[in-house]
2 protein chains.
Amino acid sequence: MANQNKSVTGKGSNARLDIRTVAKAAGVSIATVSRVVNKMPTVAPHLQVKVAEAIRKLGYVTNTQARALVSGRSKMFGVIISDITNPFFPELIQGFEEEAIEVGYETLIGSTNYDLSRMELCVQRMLERKVDGVAIMTFGIEEPLLDRLSSQGIPMVFVDMAPRKKNIATIHVDYEKGISEAVAHLCELGHRRISFISGPLRLHSAAARLKAFKSAARARGCFLDRYVVYGDHTMVGGERGMEQLLRLKNAPTAVICSNDITAIGAMHSASRAGLSIPEDISLIGFDNVQITEYMLPPLTTITMSGRDIASRAVSALLSPGVPLRTVETTLVVRQTTSGPRLRSLSARRTSRTR
Amino acid sequence: MANQNKSVTGKGSNARLDIRTVAKAAGVSIATVSRVVNKMPTVAPHLQVKVAEAIRKLGYVTNTQARALVSGRSKMFGVIISDITNPFFPELIQGFEEEAIEVGYETLIGSTNYDLSRMELCVQRMLERKVDGVAIMTFGIEEPLLDRLSSQGIPMVFVDMAPRKKNIATIHVDYEKGISEAVAHLCELGHRRISFISGPLRLHSAAARLKAFKSAARARGCFLDRYVVYGDHTMVGGERGMEQLLRLKNAPTAVICSNDITAIGAMHSASRAGLSIPEDISLIGFDNVQITEYMLPPLTTITMSGRDIASRAVSALLSPGVPLRTVETTLVVRQTTSGPRLRSLSARRTSRTR
DNA sequence: GTGAAAGCGCTAACAA
DNA sequence: TTGTTAGCGCTTTCAC
């Protein structure tokens, strides 16, 4: 049957601890208990006390399933991310969860691992659990899935892409600012051969970052197609990307990476190749995850606050109509950038006369 | 009312999409639909097809709240961790979630931030959501909270501590092995002044690691109380711990840290003090989180597989009775350990004759 | 201000 | 094999 005694412990005491039990114990109706639980003002003070006491004594907790069923609201938000192993996402989740709890919502996390079928599964789960909103932080999603969510009228919020559906909010990120600051910083240091290790372009954010890099580099007259290389937003991707770059005839003297862990991979790879950072090669990351500050040397990177994104996401889900402020990005200079070596400079001259 | 039309999109089409709608569309009873959804074998093939088609066409998804309410099983497991920002936990969560999905369970994550009231909130939430089991990975919990979970008969699994309650499983970790390997490694390299930066002792795991260190160091005759210092399992804790150690009169030539991020903090701090690693000071972490391999130099550490722990946790929740294999820990030597400098050696001699 | 009663969408007896 | 039906625990009218 539905409700066999759940006591596995052997205690037979908690045969059933529902609103009815509390009502009986307090000598009121279940409606009154419900009102007290939901802090409705229309309950006589002395009854409030009695009910509260009964609740405490019995250790009653509301069954949210039942509540959700009747009220139609699950009080859960879904968050879909691509890779919980990339430290940017835990930071974001932490922010999201704190804000969500603040306003009485649970957070259901789905991780896609950059895998489309996993993404489908996530969406399915969110639908099944009847989340009251979902934040899609994967920086990319397939149209049909989006439709399924959308057709259920579930509020959604994205980072960084604006599907043309209604009830979908977008958090815009100003990549241009941080990235052009980075390029400017490098140029002022004397670099001309500046590379970019991109993420996979099907991720909207990766594409946007590359685009920002291209235009910033072009604006400074130092963009070269062959200096763009592709990783996958993981450390091994960064490693590979750097290896590719180092094989180039006129290897770059500086490289900007599409995210921090890519930069960390690149750092590792450069150092294994015998280069010192920043003397032989300058490096800039993106995201400013906490660990960048602790790298040796500390990584120069571009801040994009996960907490800012999280808090905008929660408010978008809570009040679908209101417009969201754009998230800024800013260069934070640490110690992985310096002027290029002299021999690099002369190499540069050579390459230019070529 | 309970069920106002959820369509915010303006489409009036999805007035209500429940099992009844599907039943009507397929020309069968709701029981049959339920059977098909739950893949029960007792449905005539042609009806299976008809129902499946209706489901697909209508885009029906099961309401898990309703299912949970009647079946008494939510098909969710809770995982409580202390700090999602410590990369060990995302790795663990990832493993847990994958295993859970595999067996048809959702994962509800609660993060306590080492805060007791947050822990209470987490437990409360898990109770409310009627999770079918909870894995407590905080490496520590207060008794009374434990009782609340326990009295509900919810299966639980802990890492590394064995409360005397029933229906509570414990995953044992063999800290001694990895840690004594680490101490031996250091001793063989010639170190005698070996420090330990511990985590907070109210975390069971931190206490266990310290204990393992003490006995290993004692066994080699190189344990000194003043070489034990306390962090808090964060990078800044590691930083502070190292600062303390460096102020010591006969500063240690090697330090083992209670977890990797502590070691990363310590590394940073040592390097900022002008020491090179490992020439001036050797460093060993604990956990072997992915990033350790990418540090410069790559961090020598002790592996404790989050995935091992995760998979044991899931099976413990799934089948409460069966005993769990102990999780091993093993030293993995990378590049933050080497013999102490000669001047350190002589300093050591001085300190010994003292 | 309080209680009785009608469901929310589903599963699982039980009957046919 | 299929359908009918009684709840699961709760919120929310509506009458008192």
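Keep in mind it's a predicted model, so treat the numbers as computed, not measured.

Visitor: Would you mind going over the packing of helix 4 (residues 64–71) of chain A against helix 4 (residues 64–71) of chain B in detail, with residue names and values included?
Guide: At a closest axis distance of 8 Å, the pairing of helix 4 of chain A and helix 4 of chain B adopts a crossing angle of 130°. As far as their axial angle goes, helix 4 of chain B and helix 4 of chain A are oblique. The chirality of how helix 4 of chain A crosses helix 4 of chain B is left-handed. In contact with A:Gln65, A:Ala66, A:Ala68 and A:Leu69 of helix 4 of chain A, helix 4 of chain B contributes B:Gln65, B:Ala66, B:Ala68 and B:Leu69.

Visitor: Describe the protein's contact with DNA strand D, with residues and values.
Guide: Around DNA strand D, 29 residues are found, and the nearest of them are A:Ile19, A:Tyr60, B:Thr32, B:Arg35 and B:Ala44. Within 4 Å of the protein, the contacting atoms of DNA strand D are drawn from sugar and phosphate to the extent of 61%. A distance of 2.7 Å separates a phosphate oxygen of DNA strand D from a polar atom in the side chain of A:Arg67. One of the side-chain N or O atoms of B:Thr32 is found 2.5 Å from a phosphate oxygen in DNA strand D. Those elements that provide at least two residues to the surface near DNA strand D are helix 1 (19–26), helix 2 (30–37) and helix 4 of chain A together with helix 2 (30–37) and helix 4 of chain B. Here the surface near DNA strand D is composed, by residue class, of 15 nonpolar, 8 polar and 6 charged.

Visitor: Go over the pairing of strand 2 (residues 106–111) of chain B with me, naming the residues and quoting the values.
Guide: All names here are of chain B. Within strand 2, 6 of the 6 residues are buried, which leaves the element mostly enclosed by the surrounding structure. Burial of strand 2 is two-sided: the residues Glu106, Leu108 and Gly110 facing one way and the residues Thr107, Ile109 and Ser111 facing the other way are all buried. Taken together, the 6 bridges between strand 1 (residues 76–81) and strand 2 define a ladder with parallel strand orientation. Bridge assignment links Gly78 to a residue of strand 2, and that residue is Leu108. Once you follow strand 1 into helix 5 (residues 88–102) and on to strand 2, the crossover reads as right-handed.

What counts, and at which threshold
- Residues numbered from 1 in each chain as written.
- Chains lettered and ligands numbered in written order.
- Predicted model: local features only at pLDDT ≥ 70, side-chain atom pairs only at ≥ 80, totals over all residues.
- Heavy atoms only, no water.
- Axes fitted to C-alpha atoms, helices over the stretch in contact; angles between N-to-C directions.
- Helix = DSSP H or I, 4+ residues; strand = E, 2+ residues; numbered from the N terminus.
- Parallel < 35°, antiparallel > 145°, perpendicular 65-115°, else oblique.
- Left-handed = near helix turned anticlockwise from the far one by under 90°.
- Contact = heavy atoms within 4.5 Å.
- Near = heavy atom within 4 Å.
- Polar contact = N/O pair within 3.5 Å; in protein donor to acceptor, adjacent residues only side chain to side chain.
- Nonpolar A, V, L, I, M, F, W, Y, C, P; charged D, E, K, R; others polar.
- Buried < 20%, exposed > 50% of the residue type's maximum accessible area, 1.4 Å probe, protein only.
- Pairing = 2+ DSSP bridges.
- Right-handed = clockwise from strand over helix to strand, strands pointing away.

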